[in-house]
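# Observations on chain architecture
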Amino acid sequence: MNDQELEAIEANVRLAVEQLGPLSEVDFGLNEESVEWVEGFIERRRCRPDFDPEGIDGLVGVLGSFLGACLVAATGGDWRKTGDGWGVLLPDGSTAFPFVKVRKQLRDGVESGESIASFYRVAVHFIAAGRLRENPAAGD
């Protein structure tokens, strides 16, 4: 594990809480309500005339770190670096990739089905809880 990269993730989380918390009008922290607020923040950013979908790496870094930290807080998971990049190893053994999801929502928006709030809810309430395995899809 790269300690410098983990330190950068932690610094991004602090930055997100410090900068977005006062704007949010919610009890901003590593919780579902804050993830929902950040989803709206992303959508508001996407609507701005000066939004550049190619210049989003910094925003992806900060918001992806925040989303991942919310997953860690809710599930007891851990940050892990894989061949696909940094993700959160969930208690059921699967890995969630918050940076990828934030980038997709920034590029495509919720109207295209890219929702960090839905990603969070599915990861926390279904995948990490093992509920997807308990309820196999019909017809399988």
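The sections below set out a description of the structure shown in this document. (Residues numbered from 1 in each chain as written. Predicted model: local features only at pLDDT ≥ 70, side-chain atom pairs only at ≥ 80, totals over all residues. Heavy atoms only, no water.)

### Some details on the side chain of Ser-34
- With respect to the helices, strands and loops of the structure, Ser-34 is situated in helix α2 (residues 32-47).
- Within polar-contact distance, the side chain of Ser-34 engages the backbone nitrogen of Gly-29 at 2.8 Å. (Helix = DSSP H or I, 4+ residues; strand = E, 2+ residues; numbered from the N terminus. Polar contact = N/O pair within 3.5 Å; in protein donor to acceptor, adjacent residues only side chain to side chain.)

### Re the environment of Glu-33
- One can find Glu-33 in helix α2.
- A relative accessible area of 41% places Glu-33 in the partly exposed class.
- Taking the C-alpha atoms as reference, Glu-33 lies 8.9 Å from Ala-117; in sequence the two are 84 residues apart.
- For Glu-33, the contacting residues outside a window of four places in its chain are Val-26 and Asp-27. (Buried < 20%, exposed > 50% of the residue type's maximum accessible area, 1.4 Å probe, protein only. Contact = heavy atoms within 4.5 Å.)

### A closer look at the pattern of salt bridges
- Summed over all chains, the structure comprises nine salt bridges.
- One salt bridge in this structure joins Arg-121 and Glu-36, with 3.2 Å as the shortest N-O distance. Taken as a pair, Arg-121 in helix α5 (residues 116-127) and Glu-36 in helix α2 lie far apart in primary sequence, 85 residues in all.
- Relative accessible area serves as the criterion here: at 30%, Arg-121 is assigned to the partly exposed category. (Salt bridge = Lys/Arg side-chain N within 4 Å of Asp/Glu carboxyl O.)

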